[in-house]
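A look at the structure
Residue strings, one per chain:
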Amino acid sequence: MRTVLHIRTSPRGHEAHSTRLATHIVNHLRRLHPEARVPLRDLAADPLPHVDGFYADTLAGTQPEGAPTAAVARSDALIAELHQADAIVLG
């Protein structure tokens, strides 16, 4: 296993049962696969912006040529992060 993506979602942080359980699972996987990379995506500490009309129009190809595509680039990077993961631990 090369990559275990750890996604944390609770605003309660380390006090949340889901965070503690997910951390326990990640630690177990690290013991089994010490070479694995374990990136953390903490959606409570660093929330993603809501999808808006501009983003939806960009995906649909209805934005003018040269319109800013930062939201699409961020979306593509997050999708790539999921695709690169051999395992995902969501807590």
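Our subject in this report is the structure included herewith.

Cut-offs and rules
- Residues numbered from 1 in each chain as written.
- Predicted model: local features only at pLDDT ≥ 70, side-chain atom pairs only at ≥ 80, totals over all residues.
- Heavy atoms only, no water.
- Helix = DSSP H or I, 4+ residues; strand = E, 2+ residues; numbered from the N terminus.
- Rg over C-alpha atoms; globule rule 2.2 N^0.38 Å.
- Buried < 20%, exposed > 50% of the residue type's maximum accessible area, 1.4 Å probe, protein only.
- Contact = heavy atoms within 4.5 Å.
- Areas by Shrake-Rupley, 256 points an atom, 1.4 Å probe, with all protein chains shown as cover.
- Lys, Arg positive; Asp, Glu negative; His and termini not counted.
- Charge placed at Lys NZ, Arg CZ, Asp CG, Glu CD.
- Pairing = 2+ DSSP bridges.
- Right-handed = clockwise from strand over helix to strand, strands pointing away.
- Patch = residues over 30% accessible without salt bridge, like charges linked within 9 Å, V, L, I, M, F, W, Y side chains within 5 Å.
- Salt bridge = Lys/Arg side-chain N within 4 Å of Asp/Glu carboxyl O.

1. Remarks on the overall build of the chain
- A count of helices and strands for the chain gives 3 helices and 3 strands.
- Starting at the N terminus, the α and β elements of the chain follow one another as β-α-β-α-α-β.
- A compact globule built from 91 residues should have a C-alpha radius of gyration of about 12 Å, whereas the chain, at 16 Å, is more than 25% larger.
- In the chain, which comprises 91 residues, the proportion classed as buried is 29%.
- In the chain, once contacts between residues fewer than 6 apart in sequence are set aside, the share between residues at least 24 apart is 73%.
- Carbon and sulfur atoms make up 58% of the accessible area of the chain, which amounts to about 6,300 Å² in all.
- Computing the positive centroid from 9 side-chain charges and the negative centroid from 10, the chain places the two 13 Å apart.

2. Regarding the pairing of strand β1 (residues 4-8)
- Counting buried residues in β1 gives 5 out of 5 residues, a clear majority hidden from the surface.
- Covered by surrounding structure in β1 are Val-4, His-6 and Arg-8 together with Leu-5 and Ile-7, the residues of both alternating faces.
- In this structure, β1 lies alongside strand β3 (residues 87-90), joined through 4 bridges in parallel fashion. Across the sheet, residue Ile-7 finds its bridge partner in β3, namely Leu-90.
- Examined bridge by bridge, β1 and strand β2 (residues 40-42) share 3 bridges and lie parallel to one another. Within β2, the residue paired with His-6 across the bridge is Leu-40.
- Between β1 and its parallel partner β2, the chain crosses via helix α1 (residues 17-32), and the hand of that crossover is right-handed.

3. Here we look at a nonpolar patch on the surface
- A contiguous nonpolar surface patch, about 290 Å² in accessible area, is contributed by Leu-82, Ile-88 and Leu-90.
- If you trace the backbone, Leu-90 turns up in strand β3.
- We classify Leu-90 as exposed; its relative accessible area is 62%.

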